[in-house]
Amino acid sequence: MLTPADTYSQLCRDFTWPIPDRYNIGVDVCDKHPSAKPALIHKRDGQDTQVYTFGDLKRLSNKLANVLIASGLTRGDRIGILLPQAPETAVAHIAAYKAGLIATPLFTLFGEDALEYRLGACGAAALVTDQASLPKIAAIRDRLPSLKLILCIDGPADGATDYHTVMEKASDAFAPVDTAADDPALIIFTSGTTGPPKGALHAHRVLLGHLPGVEYPHGFFPQPGDLYWTPADWAWIGGLIDVLLPSLHHGIPVLTYRAAKFDPEETYALIAEHGVRNMFLPPTALKLMRQVPLTAAGKAMNVRSVASGGESLGANLLDWGRSTFGVTINEFYGQTECNLVVGNNADLDPIRPGSMGKPIPGHRVAIIDDEGNALPAGETGNIAVHRPDPVMFLEYWNNPDATREKFIGDWLLTGDTGSQDEDGYIWYGGRNDDVITSAGYRIGPGEVEDCLLKHDAVALAAVVGVPDPVRTEAVKAFIVLREGAKPSDALATEIQSFVKRQLAAHEYPRLIEFIDELPMTTTGKIMRRELRARG
Ligand code: ATP
Ligand code: MG
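As recorded in an unreviewed UniProt entry, the protein chain goes by the name AMP-dependent synthetase, listed as coming from Hwanghaeella grinnelliae. Under Sequence similarities (unreviewed entry), UniProt gives the following word-for-word description of the protein chain: "Belongs to the ATP-dependent AMP-binding enzyme family."

Here it is in C-alpha cells:
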C-alpha cells in the first residue's frame, strides 16, 4: 500500500487509503494468488515440514465454509478458533470470513475460566479446536448454551465433530458472502493487562488498515524473497494481523511454528534453517535472545527486517539487535482496538533510541489533553488517534459504555501517555493507570525499567508505584537478576545509585525486591497490576 519514497513527508503526502466498499478478508488473502504459490511453511516437531499453497488454502477454506453453513451457522454468528499456529487455524479464519461469520481467536494457554468468559461474552455458536483443548471445553460446555458445533482437527473425540470426516465430504466450491469493508469480521479480546479483557469488534477493512503499519517498519514489505515468522501466537492481533494475514495478502509465505516454550537457541536455529527474512519479535523474546550467546546457527541467519512492539523496546536493545541480526529493530506501537499507528523505519528516518517512531502514513496520531485539545511538542498527554481510520475497531462487543468512554469527540484515547518531539517522534510514557505519582512527580515506569536493564546484574525489571504516606506513591522495582548475580542489600543500594546517576534522583526505586520470575500475561507483558497488589 506504501509506495517507497525518499522521505517520510513525501510518503505521508502521497498516501491515500484504497479501501473498496465491498471487501472480504478471506477472499483477499487466498483466492487472488497463483494456486501453486507457497503460503504456509508448516514446521512440525519430529516430522517433515509441510508446505501449503494458496490453492490449498482456497480449497480447504471453501470446504470448511460449506461445513459451517451446512451446520446452520448464519451470517454474523461468532466462531471461536482455539488452536495454536497451524494451517487449520489459517483455514478456519479464512473460512469464517468467506462465510460472513465473526472469527474469535482464543489462545491455547487459556484455562477454563478465561475460555468460558470469552466464549460466553461473544456467544460463540461454533468452535474449532483440537484434542489438547477439548477437556477444558468439556468442563465448561454446560455453561455455554449458544455453542452448537465443536470441530476437532486432530482425530475423532467425544463431544466433538471430527473435522477431517466432514471436510472430506464437503464441496470445495463456495461462493463467498459479499461483505462490505465495514461489516464485522472478528472479535479480538485485549490482553487484559489492566482489567477484564474487552472484545474489540473489527471490520473486514482492519486488514487493509494494518498494511502501512506492516510495510513501514519492515522496510517496505514485501520485497523479493521475503518469508515472515513470529513466535507470537495468532490468537493475538500481533500474530494474526501484523504477520499472518498481511503476509498472505501480499502473497508472501509464513513460517508456521510456535514452540511450547520459547527457547532462544532453538529460535536462532529455526530462523537460519528456514531462511526467515522478516520477523515480529516482541521485546520479551528479544530480551531472552540477548541472554544467550549467538549460536553458530544464529550466525547463519539472513534476516531482512525485524520489528518489535506491544511493550517498550527500550533504547538498549538496538545495538545488540544490529550486531545479532544485521538490521535495525524497528519499534512500532498500537493496541488491539487500533493497531500499528506509530512506528520506525530506520532506512527512511534515523531512529531516536527510546522513541516508538512517527505516526505511520495514513494515521493521524496526536498528543491531546483530557479535553481533546492537541498539546504542543514536548508536552506529555494522552496518545490519541483520529477517526475515521480503517484500522480502528467498530466497538467493544456488547459494551456501548466502554466504547463511548474510549473516545473524546473523534479522538480515540489509547489509555497511554506520551509526548511528541518537534520532529514528530513519539515517546511512550506509560499506561494511564501505570503512571506513578510520587512527591508530585509523574513517573512513567518504562523509563526506570529501561535504566535498570542497563545495569549488568539485571535481567528483567518491572517498576510500579506502591502506596507511601509521604509521597503518595513510592517507586518500587521488582528485579530478576542475571545468572551469576546474587541478591543482597549491597547490590540493591548499588542499583539504586546507578538509577539516580543514570536517570534521575527523583525516579530511582526507593524499594527493590529481587524475585525469580515476573508475572506475565500470556502475550508476555508484565502484569504490573499484580505487582502493585503485592505491594
Ligand atoms: P487491556 O486493554 O485489556 O488492559 P492490553 O492493553 O495490554 O490489555 P493490547 O491491546 O494487547 O492489550 O496492548 C496494547 C497496549 O500495549 C498499548 O495500549 C500500550 O500500552 C502497549 N504497547 C504497545 N506497543 C507498545 C510500544 N511500542 N511501547 C510501549 N507500549 C506499547
Ligand atoms: Mg489496552
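Now for the overall build of the protein chain. A tally of helices and strands in the protein chain yields 17 helices and 27 strands. The C-alpha radius of gyration of the protein chain comes to 23 Å, within 12% of the 24 Å expected for a compact globule of 535 residues. Taking the principal axes of the C-alpha coordinates as reference, the protein chain spans close to 70 × 50 × 50 Å. When burial is assessed residue by residue, the protein chain has 61% of its 535 residues classed as buried. For the protein chain, contacts bridging at least 24 residues in sequence account for 67% of all contacts bridging at least 6.

Inspection of the entire model under this criterion finds 12 aromatic pairs. Here Tyr333 and Tyr428 contribute two aromatic rings whose centre-to-centre distance is 6.3 Å and whose plane-to-plane angle is 50 degrees, an arrangement assigned as tilted. Here Tyr333, found in strand 14 (residues 329–335), pairs with Tyr428, found in strand 22 (residues 426–431); they are 95 residues apart in sequence, far enough to count as distant. The class of Tyr333 is buried, set by a relative accessible area of 6%. For Tyr428, a relative accessible area of 27% translates into the label partly exposed.

Enumeration according to the criterion identifies 23 salt bridges in this entry. Across the salt bridge formed by Arg404 and Asp401, the nearest N and O atoms sit 3.1 Å from each other. Note that Arg404 and Asp401 are positioned in helix 14 (residues 400–405) at a spacing of 3 residues, about one turn of the helix. Judged by relative accessible area, Arg404 falls into the exposed class, the value being 56%. Between Arg528 and Asp434 there is a salt bridge, with its nearest N and O atoms 3.1 Å apart.

Along the chain, Gly334 falls in strand 14. When the C-alpha atoms of Gly334 and Gly310 are compared, they prove to be 7.1 Å apart, with 24 residues separating the residues in sequence. The contacts of Gly334, once residues within four sequence positions are left out, are Asn339 and Leu340.

Conventions and cut-offs
Residues numbered from 1 in each chain as written. Chains lettered and ligands numbered in written order. Predicted model: local features only at pLDDT ≥ 70, side-chain atom pairs only at ≥ 80, totals over all residues. Heavy atoms only, no water. UniProt positions renumbered as here; feature names shortened; annotations may be inferred. Helix = DSSP H or I, 4+ residues; strand = E, 2+ residues; numbered from the N terminus. Rg over C-alpha atoms; globule rule 2.2 N^0.38 Å. Buried < 20%, exposed > 50% of the residue type's maximum accessible area, 1.4 Å probe, protein only. Contact = heavy atoms within 4.5 Å. Phe/Tyr/Trp six-rings, centres within 6.5 Å; stacked < 30°, edge-to-face > 60°. Salt bridge = Lys/Arg side-chain N within 4 Å of Asp/Glu carboxyl O.

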